[in-house]
Amino acid sequence: MRLESAIKLSLAMQTPEVKHAVPVALLSGTLTEKLSKAAVWGADGVEIMSSDPDALDVPALKRSLADARLAAAAVGTGAVAGSTGLTLLHADAEVRRQARMRLYRLIQFADQVGAPVVTIGAFRGRAAWMGEGAEGELADGLRAAAELAAGYGLRLALEPVNRYEVDLIHTVDEGLDFLRRVGHDSLGLLIDTFHANIEESDRLDPYRRVLEAGRLFHVHLGDNNRLAPGWGVIDFRAIVACLRRGGYQGYLSAELLPRPDPDAAAQQTLRHMREAMGEE
Ligand code: LER
Ligand code: MN
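Rules of the game
Residues numbered from 1 in each chain as written. Chains lettered and ligands numbered in written order. Predicted model: local features only at pLDDT ≥ 70, side-chain atom pairs only at ≥ 80, totals over all residues. Heavy atoms only, no water. Axes fitted to C-alpha atoms, helices over the stretch in contact; angles between N-to-C directions. Helix = DSSP H or I, 4+ residues; strand = E, 2+ residues; numbered from the N terminus. Parallel < 35°, antiparallel > 145°, perpendicular 65-115°, else oblique. Left-handed = near helix turned anticlockwise from the far one by under 90°. Contact = heavy atoms within 4.5 Å. Nonpolar A, V, L, I, M, F, W, Y, C, P; charged D, E, K, R; others polar. Near = heavy atom within 4 Å. Polar contact = N/O pair within 3.5 Å; in protein donor to acceptor, adjacent residues only side chain to side chain. Areas by Shrake-Rupley, 256 points an atom, 1.4 Å probe, with all protein chains shown as cover. Buried < 20%, exposed > 50% of the residue type's maximum accessible area, 1.4 Å probe, protein only. Arc of directions from axis to C-beta. Pairing = 2+ DSSP bridges.

Visitor: Residue-level account of the packing of helix α7 (residues 172–182) against helix α9 (residues 205–212), with values.
Guide: Where α7 meets α9, the closest approach of the two axes is 10 Å, and the angle between their N-to-C directions is 15°. The pairing of α7 with α9 is recorded here as roughly parallel in orientation. Every pair of crossing elements has a handedness; the one defined by α7 and α9 is left-handed. Of the residues in α9, those in contact with Val172, Asp173 and Leu176 of α7 are Pro206, Arg209 and Val210. Considering only residue class, the contact of α7 with α9 consists of 4 nonpolar, no polar and 2 charged.

Visitor: Give a detailed account of the site of ligand 1, specifying residues and quantitative values.
Guide: Taken together, the neighbourhood of ligand 1 is formed by Gly78, Gly121, Ala122, Glu159, Glu165, Asp192, His195, His220, Arg226 and Glu255. For ligand 1, an oxygen atom lies 3.0 Å from a polar atom in the backbone of alanine 122. When ligand 1 sits alone it has 260 Å² of accessible area, and the protein chains cover 92% of it. Its residues placed into classes, the shell around ligand 1 shows 1 nonpolar, 4 polar and 5 charged.

Visitor: Just give me the short version of α9, but keep the residues and values in it.
Guide: Along α9, the positions that sit buried rather than exposed are Pro206, Tyr207, Val210 and Leu211. Across the axial projection of α9, the buried residues extend over an arc of 130°, all falling on one side. Tucked inside the fold, the buried residues of α9 contact α7, β6 (187–192), α8 (193–199), β7 (216–221) and α10 (236–245).

Visitor: Let's hear about the sheet that holds β7: which residues, and what values?
Guide: Read around the closed barrel, the 8 strands follow the order β1-β2-β3-β4-β5-β6-β7-β8; overall the barrel is parallel. Averaged over all adjacent pairs, the angle separating strand axes in this sheet is 30°, with direction ignored. Bridge count between strand β3 (residues 71–76) and strand β4 (residues 117–120): 2 bridges; the pairing is parallel. In the strand pairing of β4, valine 75 is matched with valine 118. Here α7 sits on the sheet in contact with β5 (155–158) and β6, set at roughly 165° to β6. Seen against the sheet, α9 touches β6 and β7 and runs at an angle of roughly 160° to β6.

Rendered as structure tokens:
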């Protein structure tokens, strides 16, 4: 029997309508196979990466989650750009408008499947694509989305992402500044251990600062090489202890490279994290 923990573990999973293989989605096989693997291996939930909920049988997905006794830990937007080309900072104003509409639909989808948070990472696009006014555009878009999410009792988590993938908001300090600019309580941050390891100047301080600000809404797991925790150099035990001290009660959601294969990476993640949480 596992002790009840306020911190829960999840695995990222792409849904069947996503046209490309999301490089950091774990779990393989049909939707039912993915969910039964996650459940058998001991995950508490799955982060659902959908590109288009309208192309999904949402009631069937909900039934499959319930059958597997898995929670929807989050709805991730990481599959949208790769499958549809939509990003919030696209050069074309019409594509930006459609990207906002898709985000609104994903928020509604999160409500349908019972996910507490919707994540925004690479889906923001690049400031350089839009040019002048990009930060204001992102702030306006996320404020409107946060307001919609609040109406459903949900939250949005903006992810600082490393400099090689995006050109704005790489660190938690930049993230916290941006949150002040947006000024909406339902918008917080998602810290991805892999990105933080590249961009931050301290191992634990970023987590502490976001927790102190009451804005840590979600966490992504990946070791420094983006392999499963324990297959690189990040000290996940120290991160778990820091999160517990700060009262974090959300998910740690694995979003990492499916190497040497998705099943091995998922099992290693759960094994290593249960150990880091003192639950194994
Ligand atoms: C991409 O590297 C990533 O971490 C995702 O969560 C962003 O969509
Ligand atoms: Mn991430």
